[in-house]
Amino acid sequence: MVADPTSPPDEEIVETVLDGDREAYGILIRRYQNRLVSFLNRIVGNVETAHDLTQEVFIKVYDALDRYDPTYKFSTWIFRIAHNRAIDHLRKRRLPTTSMQKTNPRDDTTYQLPLESRDPSPYRDIRNRERGEAIREAIEELPEDYRELISLRHYAELSYDEIATLKEMPLGTVKNKLFRGRQMLKDKLSQY
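In what follows, the accompanying structure is described. Note that the structure is a prediction, hence the values are computed from the model and not measured.

### Looking at the overall build of the chain
Secondary structure summary: the chain contains 8 helices and 2 strands in total. Along its sequence from the N terminus, the chain presents helices and strands in the succession α-α-α-α-β-β-α-α-α-α. By the burial criterion, 31% of the 192 residues in the chain qualify as buried. Accessible area of the chain: about 13100 Å², with a carbon and sulfur share of 49%.

### Concerning the packing of aromatic side chains
Inspection of the entire model under this criterion finds 8 aromatic pairs. The interplanar angle of 65° and the centroid separation of 5.0 Å between the aromatic rings of Tyr25 and Tyr62 together place this pair among those described as edge-to-face. A residue pair is termed long-range when its members are at least 10 positions apart, and Tyr25 in helix 2 (residues 25-44) and Tyr62 in helix 3 (residues 47-64) qualify at 37 residues. Accessibility expressed as a relative area gives 7% for Tyr25, which makes it buried. On the numbers, 6.3 Å between centres and 70° between planes, the contact of Tyr32 with Phe79 is edge-to-face. With Tyr32 in helix 2 and Phe79 in helix 4 (residues 74-92), the pair connects residues that are 47 residues apart, well separated along the chain. Across this residue pair, the class does not change: Tyr32 and Phe79 are buried. Members of the aromatic cluster, joined through ring pairs, are Tyr32, Phe39, Tyr68, Phe74, Trp77 and Phe79. In this structure, Arg153 is placed above the aromatic ring of Tyr160, and the distance from its NZ or CZ to the ring centre is 4.5 Å. The residue whose ring lies beneath Lys177 is Tyr146, and the NZ or CZ to ring-centre distance is 5.4 Å.

### Structural notes on the pattern of salt bridges
If you walk through the whole model with that rule in mind, you get 9 salt bridges. A salt bridge links Asp10 to Arg31; the shortest N-O distance between them is 2.4 Å. Placement of the pair is Asp10 in helix 1 (residues 10-18) and Arg31 in helix 2, with a sequence separation of 21 residues. Owing to a relative accessible area of 16%, Arg31 belongs among the buried residues under this scheme. Asp145 is the partner of Lys177 in a salt bridge, and the nearest nitrogen-oxygen pair spans 2.5 Å.

### Structural notes on unusual backbone geometry
Not every positive phi belongs to a glycine, and Glu168 is a case in point at roughly 55°. Mapped onto the fold, Glu168 is located in the loop between helix 7 (160-167) and helix 8 (171-189).

### Quick notes on the packing of helix 2 against helix 3
Relative orientation of the contacting elements helix 2 and helix 3 amounts to 135°, with a least axis distance of 8 Å. Classed by the angle they form, the pair helix 2 and helix 3 counts as oblique. Crossing of helix 2 against helix 3: the hand is right-handed. Mapping the contact onto sequence places Tyr25, Leu28, Ile29, Tyr32, Gln33, Leu36, Val37, Leu40, Asn41 and Val44 in helix 2 and Val47, Thr49, Ala50, His51, Leu53, Thr54, Gln55, Val57, Phe58, Val61 and Tyr62 in helix 3.

### Notes on the environment of Ser159
With respect to the helices and strands, Ser159 occurs in the loop between helix 6 (144-154) and helix 7. Overall, Ser159 belongs to the partly exposed group, its relative accessible area being 27%. Sequence separation of Ser159 and Thr76 is 83 residues, and the distance between their C-alpha atoms is 9.4 Å.

About the cut-offs
Residues numbered from 1 in each chain as written. Predicted model: local features only at pLDDT ≥ 70, side-chain atom pairs only at ≥ 80, totals over all residues. Heavy atoms only, no water. Helix = DSSP H or I, 4+ residues; strand = E, 2+ residues; numbered from the N terminus. Buried < 20%, exposed > 50% of the residue type's maximum accessible area, 1.4 Å probe, protein only. Areas by Shrake-Rupley, 256 points an atom, 1.4 Å probe, with all protein chains shown as cover. Phe/Tyr/Trp six-rings, centres within 6.5 Å; stacked < 30°, edge-to-face > 60°. Lys NZ or Arg CZ within 6 Å of the ring centre and 35° of its normal. Salt bridge = Lys/Arg side-chain N within 4 Å of Asp/Glu carboxyl O. Axes fitted to C-alpha atoms, helices over the stretch in contact; angles between N-to-C directions. Parallel < 35°, antiparallel > 145°, perpendicular 65-115°, else oblique. Left-handed = near helix turned anticlockwise from the far one by under 90°. Contact = heavy atoms within 4.5 Å.

Here it is as structure tokens:
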């Protein structure tokens with residue numbers, strides 16, 4: 001995401017909100033919403049849950065704006081909050097189960113519920129979907145620390161410095177792990 005050079009920096013918007021202009025918070029929401037949903041989706045693996053968690057993150061950030069330290073980048077701070085919220089969600093998550101068999105109340109016969117495809121058309125963009133699936137599976141197969149760094153860099157679009165701050169790692173370690181993670185992905189996808 002390319003920043004608009006005429007748009008005020010995040011830290012300035014935070015000050016405006018803290019000075020009483022609540023409407024200014026909408027700028028931060030518009031600026032980070034898609035990136036947070038993408039980032040959280042990569043962690044929790046469900047876009048609807050990612051949307052819900054994003055809303056929770058924005059509420060939490062708004063409530064904590066007075067504790068934000070402007071010596072650090074706002075993006076690093078908001079992604080740390082999002083990361084922590086996603087981890088909390090995963091710890092509490094219990095996968096719901098439901099039977100795919102239902103009973104017809106008229107004659108007590110049982111039948112299997114059909115599984116519906118989420119895709120609008122079975123043939124539309126099949127090649128891109130297959131590639132996307134292969135990439136997603138390859139990322140999921142990475143060790144957790146590599147998977148998270150890849151997601152932070154390529155889905156959340158954080159800089160190396162922001163990732164280093166967020167993960168509390170030396171910058172060189174972040175670059176090294178990202179390089180190794182990309183190599184692992186390349187090896188996994190070479191057969192594709």
